[in-house]
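Chain by chain, the residues run as shown.
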Amino acid sequence: MKNIFKFLTIFSLIFATIFLLGCTNVSDMSICGDNICTAGEELTCVSDCAKDINGTVYVRINGAYDADGDLSLRWSHSKDVSLNANAAISSYLGEHWNSVQNKNLYLNFNDSKSGEIPIVDWEDRDIKLPNLEQGDYYFEVYSEDYAYRAVSEKITIKNDKDYYVNLTLVPSNPAVRVKAIDGENGSILNGPAKVTLYAISNYYNGYGEYVEDKWEYNSRYFYNGDEINELFFVYNGNYYLDNYSIRYEILIEKDGYGSQTIYYSPYDKYQEYNVYLEKESNKIGNLNIEIIPGQGTTNNDIQSFVGQNMTICGNECYDATIMNDQNVVYAKVENIPFGNYSVSSHVSRADNVPISFSAYSINVDNSSSNSVQVEAVLGSYTKLSFFNQDGNLITDYENVVLTKVCSVGNDMNNCSDVNYQMSQNPIDIINYLSKDTIDYYSSVKYTYDCMYKGIKSKFELSYPQGYKETNVNFKK
């Protein structure tokens, strides 16, 4: 009883203090999101204080008149700036865009897509979007194959007036779309889930050592009800002349399902992957993987894998040693859960030409065989050397500058002005090829303009399987 009296006394003192200070209306407290527009929220909480505004946005689209396929315009809208930030709708100047001098921004439109329309008339690219309510908007235009793309900076509609947006399409970085599919019924899965994109770079350092680095490039978390369907824009290291190549590892994690990992190398402007997830199971089995010669490789090449570690990934990743038994090169993974797996590995021949193999959707079930064959494919290794007018190898290679790059073939016909300074001479260009990419690289030719101390030169590059040398001579 004594404690109750003490509590009532303290409460009465607090209430009296509030009354004397003049704070007698609880509604004076500002809470953003309660649908009550209180004093001070006019600028800080647009969702509570939204006015009946109908703005009109005029979008003018320029460039990319040679783009293949149709164009589309879409926009993302958020009524509240804080909600916009929480939804992870971010924009920033892309570090590796081909034309960094323009306002071509990266923007994740999957978070809050508000509308999309096709551009049906190539002659009339002035689009009028009337009756847009108050809030922040981003506008994006892109070609059907994502070869060209442009994104606006943030447009904030505050008043009943006209707003103008100019979008100039420029060549974009490659895009990859990843969808998580239920392995049981084939439908697209919803969150909660996470998709993480890792970049894996391969290069030879100044000591001739082969170095591989891996880091998180981007990620996306999907909440309840969100369709696991993500579009990433990536950097393609093969665009630049250096002893450097890059590929990507995509990890999909969802509660109740086994995680899946796939490997992706950008060889076209747009690629799409359906990744099948299986529900977690306590059943386990074994898997035998036999490596056989593929395009450009022989039995002797396959022996190069013997003694190397191979990693197979599904819900988890498992390592196995590649062995040789009576000229059969294989690896065995035991006691792994039922489900789908992927595998990849690579080595280099004596002449440094890479050899690699990869396989996806390897299924482990209650079958007694659970045996698969994967083909090893010969990659591409090009040595590019620059010589001065006296026929000597250029040692001050930082003065060799690429000024223009053109690509022809495989539905590609475009040129870009660049300013790329060489970092060494000669340069080793290494490409790990797969059965899918061999045809692509065999039909594309790259032409480069370059300059050394005021002397211009031009050379061509293609990436056939095997070893190739290309020499560039600067002559007056």
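In case you missed it, the structure is sitting above this.
For clarity, every value in this text was computed on a predicted model and none was experimentally measured. (Residues numbered from 1 in each chain as written. Predicted model: local features only at pLDDT ≥ 70, side-chain atom pairs only at ≥ 80, totals over all residues. Heavy atoms only, no water.)

Moving on to the overall build of the protein chain. A count of helical and extended segments in the protein chain gives 4 helices and 33 strands. Taken over 476 residues, the protein chain has a buried fraction of 46%. Across the protein chain, contacts joining residues at least 24 apart in sequence account for 66% of those joining residues at least 6 apart. On the protein chain, roughly 24,900 Å² of surface is accessible, and the fraction owed to carbon and sulfur atoms is 47%. (Helix = DSSP H or I, 4+ residues; strand = E, 2+ residues; numbered from the N terminus. Buried < 20%, exposed > 50% of the residue type's maximum accessible area, 1.4 Å probe, protein only. Contact = heavy atoms within 4.5 Å. Areas by Shrake-Rupley, 256 points an atom, 1.4 Å probe, with all protein chains shown as cover.)

The next thing to look at is the sheet that holds strand β12 (residues 175–182). Here we have 3 strands laid out as an open sheet, ordered β15-β12-β18, and mixed in their pairing. At either margin of the open sheet sits one strand with a lone partner, and together these are β15 (229–233) and β18 (270–277). With direction set aside, neighbouring strand axes in the sheet form an average angle of 20°. Taken together, the 5 bridges between β12 and β15 define a ladder with antiparallel strand orientation. Directly across from K179, in β15, lies its bridge partner N229. (Pairing = 2+ DSSP bridges. Axes fitted to C-alpha atoms, helices over the stretch in contact; angles between N-to-C directions.)

Here the focus is unusual backbone geometry. At the junction of G191 and P192, the peptide bond is cis and its omega measures out at 10° in the coordinates. The residue P192 is located in the loop between β12 and β13 (193–204) in this model. Looking along the chain, the bond that leaves N425 and enters P426 is cis, with omega of 0°. Relative to the elements of secondary structure, P426 occurs in the loop between β29 (412–421) and β30 (427–431). Although it is not a glycine, N335 sits at a positive phi angle of roughly 55°. Here N335 shows up in strand β23 (residues 328–337).

Okay, the sheet that holds β30 next. With mixed pairing, the 3 strands of this open sheet are ordered in space as β30-β27-β33. Because the sheet does not close on itself, it has two edges, and the strands there are β30 and β33 (466–473). Direction aside, neighbouring strands of the sheet carry axes that sit 20° apart on average. Note: strand β27 (residues 380–387) against β33, 8 bridges, orientation parallel. In the strand pairing of β33, F386 is matched with V472.

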